[in-house]
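What follows is each chain in one-letter form.
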Amino acid sequence: MAEKINMEEVKTSNGEAHFDEPLGNGLKSHRKTEPEPLVERVKRIVRANLLVILTVAGVIIGVFIGLGVRNVALTRTQIIYVGFPGELLIRLLKMIIIPLVVCSLVSGAASIDPKALGKLGGWAMLFFLVTTLIASAIGVVMAFIIKPGAVTVTKPPSLDEEVPASKEIIDSFLDLIRNIFPSNLVSAAFQSVSIEFEHGGVVPFGTDQDGMNILGLVVFAIVFGVALRKLGEEGEILIKFFNSFNEATMVLVSWIMWYAPFGIMFLVAGKIVEMEDVGSLFASLGKYIACCMIGHAIHGLLVLPGIYFIITRKNPYTFLWGIFTALATAFGTSSSSATLPLMMKCVEEKNGVSKQISRFILPIGATVNMDGAACFQCVAAVFIAQLNEIPLNFIQVITILVTATASSVGAAGIPAGGVLTLAIILEAIGLPTSDISLILAVDWLVDRTCTVLNVEGDAFGAGLLQFFVDKSSKHEEDTELNEIRLDEAAAPEQSPLIEKRGLSDSAEGGATPLSSKTDTAM
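Residues numbered from 1 in each chain as written. Predicted model: local features only at pLDDT ≥ 70, side-chain atom pairs only at ≥ 80, totals over all residues. Heavy atoms only, no water.

- An unreviewed UniProt entry annotates the protein as Amino acid transporter originating from Oryzias melastigma.
- UniProt lists a comment for the protein under the heading Sequence similarities (unreviewed entry), and it reads "Belongs to the dicarboxylate/amino acid:cation symporter (DAACS) (TC 2.A.23) family." (UniProt positions renumbered as here; feature names shortened; annotations may be inferred.)

Here it is as structure tokens:
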């Protein structure tokens, strides 16, 4: 009878016995569960990484399509047709940038305590500054080792007219400050301010140039979010509005993500078809391209993952796999700002970064963190110096490092944004800006790896901040537990039985034990 009762205790409602259930003492029985079938395991892995697999397949197929179509004589219009699905992806991503950046920063700044907000922003800026400085140093070292300018290079004359006009360093930084405070928020969505010179380069005047002033929008959104938090209950309604707007925007991003592999495939194919005379280009500028690529690879595959591993003791390459779709999008679109929506989705869903951190830090990173641009600008500056046989002394090298780190902050998160700030570095060390035409000749390729490195640095920054927040919150919980334990230890131990007995004795004797003892002594 006892055996029958025991068997029924381990049976479930459907009458099947489960011997692998945990026992009452917390241990499991000796019977092991059956291993998951290989087919089911493969299905589960594919289902979990379907978007990444489709993105990788899209890049590979796009390369093959581009190489195949290159052998066919196509008109300019037909080449545009090839890249049209990719153009749609870029337009969709750019469409979502402004509502995403503004709403995410307003809701993020409003949901975080101002002290914690300043602390988070300070740690983020420190990380971005240090990694950008390291990237600049890697670029200078690689340029001196490989010596990309120690070759004969043919300058493409057709690009001379595209060289940006040279400007004083102080004017470039004043432009940066002007853009932090836009005079019109609506125009900041599609225009930024730049100083030009007239009458022989003597009289400066401000002009509006095409390109989103994302820096001004970021600053306004953060300040506006802090102001809403200061309002208290009066600002709750508007905070909820921005939160809802932000969530709806992220739903749109999740839909766009599934179009991304198809769009990236045709972006890559269209760019390969557009390439002209690739052989002669790589023959003359191959060492410069290799120098940039190796520098980006060292920083992106060794330095950033190394920093992440040393601080968190977690596998950085698992983190990278989680953001692979965003990295592929960065390579295809060549724009940090356009990659921002997908990056937010990836770090939140794949890498466990909270919404408050990702939606506050990533828009800032897309604006001020330009590791790839800093590395490429340093390589380009040393390359142009070697090309003109101008030796660089120690002071000039330090000037390159500092100027590249500082000017990369102001580089717009748009294609070829780094080239525009390269003129600042060349002016700082007295090199001719006319040689930027050589950089423009291969910028379509180098700028893509720059963007991948930029967005990778943003993601690692968000991951590290999440680690710091988790660590500090855990420390606070441990402190509270210790305080509770100390309070419990300080409290006198009392037993209900002792108290009850003492009360009964007092009632019978009519006095406390101490008073009874005193009376007896007397």
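Having put the structure on the table, let's press on.
Thoughts on the packing of aromatic side chains
In step 1: In this structure the tally under the stated criterion is 14 aromatic pairs.
In step 2: Where Tyr288 meets Phe383, the ring centres are 4.9 Å apart and the plane angle is 35 degrees; that geometry is what we call tilted. In this pair, Tyr288 sits in helix H11 (residues 278–312) while Phe383 sits in helix H16 (residues 371–387), placing the two residues 95 residues apart along the sequence. The same class applies to Tyr288 and to Phe383, which are both buried.
In step 3: Connected via pairs of aromatic rings, a cluster forms that spans Phe220, Phe224, Phe241, Phe242 and Phe245. (Phe/Tyr/Trp six-rings, centres within 6.5 Å; stacked < 30°, edge-to-face > 60°. Helix = DSSP H or I, 4+ residues; strand = E, 2+ residues; numbered from the N terminus. Buried < 20%, exposed > 50% of the residue type's maximum accessible area, 1.4 Å probe, protein only.)

Quick look at helix H6 (residues 114–146)
In step 1: Compared with an ideal rise of 1.5 Å per residue, which puts 33 residues at 48 Å, H6 spans 47 Å between its outermost C-alpha atoms and is within 8% of the ideal.
In step 2: Looking at the residues trailing H6, positive phi occurs at Lys147, about 55 degrees. (Expected span 1.5 Å × (residues − 1).)

Overview of the nonpolar core
In step 1: In terms of nonpolar packing, the biggest core is built from 110 residues, with Leu105, Tyr288, Ile323, Met343, Phe360, Ile400 and Ile439 touching the most fellow members.
In step 2: Among the elements that make up this core, the one with the highest residue count is helix H19 (residues 436–490) (17 residues).
In step 3: With near-sequence residues (within four places) excluded, Tyr288 lies in contact with Pro148, Phe376, Val379, Ala380, Phe383, Ile439, Val442 and Val446. (Core = buried A, V, L, I, M, F, W, Y, C linked by side-chain atoms within 4.5 Å. Contact = heavy atoms within 4.5 Å.)

A closer look at the packing of helix H5 (residues 84–111) against helix H9 (residues 214–231)
In step 1: Interhelical geometry of H5 versus H9 gives an angle of 35 degrees and a closest axis separation of 7 Å. Classified by chirality, the crossing of H9 by H5 is right-handed. Taken together, the residues of H9 that come into contact with H5 (itself represented by Ile97, Ile98, Val101, Val102, Leu105, Val106, Ala109, Ala110 and Ser111) are Ile214, Leu217, Val218, Ala221, Ile222, Phe224, Gly225, Val226, Leu228 and Arg229.
In step 2: Considering only residue class, the contact of H5 with H9 consists of 16 nonpolar, two polar and one charged. (Axes fitted to C-alpha atoms, helices over the stretch in contact; angles between N-to-C directions. Left-handed = near helix turned anticlockwise from the far one by under 90°. Nonpolar A, V, L, I, M, F, W, Y, C, P; charged D, E, K, R; others polar.)

So, unusual backbone geometry
In step 1: You will see that Lys147, though not glycine, has its phi angle at about 55 degrees, which is positive.
In step 2: Checked against the element boundaries, Lys147 lands in the loop between H6 and helix H7 (169–180).
In step 3: Although it is not a glycine, Arg313 sits at a positive phi angle of roughly 60 degrees.
In step 4: Structurally, Arg313 is set in the loop between H11 and helix H12 (316–322).
In step 5: For Arg313, a relative accessible area of 60% puts it in the exposed group.

Brief notes about the pattern of salt bridges
Side-chain pairs of opposite charge can arise whenever the charged atoms involved come near each other.
In step 1: All told, the structure shown has five salt bridges when counted by the stated rule.
In step 2: Of the charged contacts, one joins Glu247 and Lys355 as a salt bridge, the two residues approaching to 3.4 Å between their closest N and O atoms. Here Lys355 lies in helix H15 (residues 355–368) and Glu247 lies in helix H10 (residues 236–274), a separation of 108 residues in the sequence.
In step 3: Overall, the relative accessible area of 34% leaves Glu247 in the partly exposed class.
In step 4: Judged by its relative accessible area of 41%, Lys355 falls in the partly exposed class.
In step 5: Its salt-bridge partner being Glu274, residue Lys271 comes within 3.3 Å of it at the nearest N-O pair. Remark: Glu274 and Lys271 occur in helix H10; sequence separation between them is three residues, near one turn of the helix.
In step 6: A network of salt bridges, in which partner residues are shared, links Glu247, Glu348, Lys355 and Arg359. (Salt bridge = Lys/Arg side-chain N within 4 Å of Asp/Glu carboxyl O.)

Focus on a nonpolar patch on the surface
In step 1: Where nonpolar side chains cluster on the molecular surface, the patch consists of Leu38, Val42, Val46, Leu50, Ile53, Leu54 and Trp258 and spans about 630 Å² of accessible area.
In step 2: Of all the secondary structure elements, the ones that give two or more residues to the nonpolar patch are helix H2 (38–48) and helix H3 (50–70).
In step 3: Examined against the element boundaries, Val42 turns out to sit in helix H2.
In step 4: The exposure class assigned to Val42 is partly exposed, which follows from its relative accessible area of 45%. (Patch = residues over 30% accessible without salt bridge, like charges linked within 9 Å, V, L, I, M, F, W, Y side chains within 5 Å. Areas by Shrake-Rupley, 256 points an atom, 1.4 Å probe, with all protein chains shown as cover.)

Considering H9
Spacing of three or four residues puts side chains on the same side of an α-helix, whose turn is 3.6 residues.
In step 1: With 18 residues, H9 should cover 26 Å at 1.5 Å per step; its first-to-last C-alpha distance of 26 Å lies within 8% of that length.
In step 2: For H9, every residue scored as buried is listed here: Ile214, Leu215, Gly216, Leu217, Val218, Ala221, Ile222, Gly225 and Leu228.

Focus: the environment of Phe360
In step 1: One can find Phe360 in helix H15.
In step 2: Setting aside residues no more than four positions away along its own chain, Phe360 makes contact with Leu105, Leu117, Leu120, Gly121, Ile222 and Lys355.

Observations regarding the confidence of the model for the protein
In step 1: Taken over all residues, the pLDDT of the protein has a mean of 78, while the share at 70 or more is 75%.
In step 2: Element-level mean pLDDT values for the protein span from 43 in helix H21 (residues 513–521) up to 92 in H12.
In step 3: For the stretch residues 1–29, pLDDT sits under 50, and the model shows 17 contacts to residues farther than four places along the chain or on other chains.
In step 4: Across residues 511–522, where pLDDT falls below 50, the model places four contacts with residues more than four positions away in sequence or in other chains. (pLDDT = per-residue confidence, 0-100.)

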